[in-house]
Amino acid sequence: MSKYMIHLFTSNYFYLDKSLQEKIYKEFHVMVYPTIYFILQDHNLVEDIIQESFLRAIDKAPQLKETEKYEGWLKKLTRNVTLNYLQKHKRNRNELDSEITLTLRETAPAYEAGSTPLEKEVELKIMQEAINHYVNQLSPAYRQILAMKVVHNMSYKEMAEEMNVTEGVIRQRLYRAREAIRQMLLEEWDFLR
């Protein structure tokens, strides 16, 4: 850990010189960015997580007394903030719905006997990217209905009111959007048959 980062634990950050504050933040950023980006794959979101983690570190760091644990503590804090974010926003992260995720987990070839957890995760990631690609190929109406359901977590009633249609129409469009994605999966991923 650098001489600048030590100030985070030994001094009141807000009373430090502005240039020293910037150096501390930049070092923190460099230290945690790659790990968070690997998890989230979204630069803007990573920046938000880093800022929140840094603010928590400023608040809690003076309480930590074991200097040899500073760097590990910062990384763990940042990882926990990232995982907490993912838990809170789970439905917003590349999931169409629980049915598709369940189908992926049940049908991914890496889930055959003898596969490693890393292989499983890689296969799921590839399939999730494929699904995102398929969603982008859908008509704007289907993309909109999926976004309302998955990203904004709206009920059928709320979607129907916003689109000025019946709940039956919403259910039908959502089914058709999911079915279109399922068909694209079946065409490109032979093992799903």
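It should be noted that the structure appears before, not after, this text.
Participant: Lay out helix α8 (residues 156-163) in plain terms, naming residues and giving numbers.
Facilitator: Among all positions in α8, only Met159, Ala160 and Met163 are buried. Buried residues in α8, looked at end-on, bunch into an arc of 100 degrees, giving them a common side. Residues of α8 that are exposed and angled more than 90 degrees away from the buried face: Lys157, Glu161 and Glu162. Those residues of α8 hidden inside the fold are in contact with α7 (140-151) and α9 (167-188). Two residues or fewer after α8 comes Asn164, characterised by a positive phi angle close to 60 degrees.

Participant: Kindly report on the pattern of salt bridges, identifying the contributing residues and their values.
Facilitator: Working definition: two side chains of opposite charge can pair if their charged atoms are close together. A full pass over the atoms with the stated rule returns 4 salt bridges. With a shortest N-O distance of 2.6 Å, Arg56 and Glu52 are connected by a salt bridge. Here Glu52 and Arg56 lie together in helix α3 (residues 43-60), a separation of 4 residues that amounts to about one turn. When its relative accessible area of 33% is taken as the criterion, Arg56 is described as partly exposed. Between Arg171 and Glu167 there is a salt bridge, with the nearest N and O atoms lying 3.5 Å from each other. Of this pair, Arg171 and Glu167 both sit in helix α9, 4 residues apart, roughly one helical turn. On the accessibility criterion, Arg171 (43% relative accessible area) is partly exposed.

Participant: How would you sum up the environment of Phe14? Please name residues and give values.
Facilitator: Positionally, Phe14 belongs in the loop between α1 (3-10) and α2 (18-40). In this structure Phe14 comes out as exposed when scored by relative accessible area, which is 58%. Residues Phe14 and Ile58 lie 44 residues apart in sequence; the distance between their C-alpha atoms is 8.8 Å. If near-sequence neighbours (up to four positions away) are discounted, Phe14 is found in contact with Gln21 and Ile58.

Participant: Describe the packing of α7 against α9, and please don't skip the residues or the numbers.
Facilitator: Look at α7 against α9: their axes get within 9 Å of each other, and the N-to-C directions meet at 105 degrees. On the basis of the axis angle, α7 is roughly perpendicular to α9. Residues Tyr142, Ile145, Leu146 and Lys149 of α7 pack against Ile170, Arg173, Leu174, Arg176, Ala177, Arg178 and Ile181 of α9. Looking at the contact of α7 with α9 residue by residue, the class counts come to 7 nonpolar, no polar and 4 charged.

Participant: Give a description of α7 that names residues and reports values.
Facilitator: Within α7 the residues assigned to the buried category are Ile145, Leu146, Met148, Lys149 and Val150. Just beyond α7, the residue with positive phi is Asn153, at close to 55 degrees.

Participant: Which residues make up the packing of aromatic side chains, and what are the values?
Facilitator: For the structure on display, the rule yields 4 aromatic pairs. Taking 5.8 Å as the distance between ring centres and 80 degrees as the angle between the ring planes, the aromatic pair formed by Tyr13 and Phe14 counts as edge-to-face. Centre to centre, the rings of Phe28 and Phe54 are 5.2 Å apart; their planes meet at 55 degrees, and the pair counts as tilted. Of this pair, Phe28 sits in helix α2 while Phe54 sits in helix α3; the two residues are 26 residues apart in sequence, bridging distant segments of the chain. Classification of Phe54 as buried rests on a relative accessible area of 4%.

Participant: Any chance you could break down the nonpolar core for me, citing the residues and the numbers?
Facilitator: The biggest cluster of nonpolar side chains holds 25 residues, and the ones touching the most others in it are Ile24, Phe28, Ile36, Leu40 and Leu74. Going through the elements one at a time, α1, α2, α3 and α4 (70-88) are the ones with two or more residues in this core. Residues contacting Phe28, with those up to four places away along its chain left out, are Met5, Ile50, Ser53, Phe54, Leu74 and Thr78. Ile145, Leu146, Met159 and Ile170 belong to the second-largest nonpolar core, a separate cluster that totals 19 residues.

Participant: Lay out unusual backbone geometry in plain terms, naming residues and giving numbers.
Facilitator: Phi is positive for Asn164, which is not a glycine, with a value near 60 degrees. Mapped onto the elements, Asn164 comes out in the loop between α8 and α9. The exposure class of Asn164 is exposed, given its relative accessible area of 71%.

Conventions used here
- Residues numbered from 1 in each chain as written.
- Predicted model: local features only at pLDDT ≥ 70, side-chain atom pairs only at ≥ 80, totals over all residues.
- Heavy atoms only, no water.
- Buried < 20%, exposed > 50% of the residue type's maximum accessible area, 1.4 Å probe, protein only.
- Helix = DSSP H or I, 4+ residues; strand = E, 2+ residues; numbered from the N terminus.
- Arc of directions from axis to C-beta.
- Contact = heavy atoms within 4.5 Å.
- Salt bridge = Lys/Arg side-chain N within 4 Å of Asp/Glu carboxyl O.
- Axes fitted to C-alpha atoms, helices over the stretch in contact; angles between N-to-C directions.
- Parallel < 35°, antiparallel > 145°, perpendicular 65-115°, else oblique.
- Nonpolar A, V, L, I, M, F, W, Y, C, P; charged D, E, K, R; others polar.
- Phe/Tyr/Trp six-rings, centres within 6.5 Å; stacked < 30°, edge-to-face > 60°.
- Core = buried A, V, L, I, M, F, W, Y, C linked by side-chain atoms within 4.5 Å.

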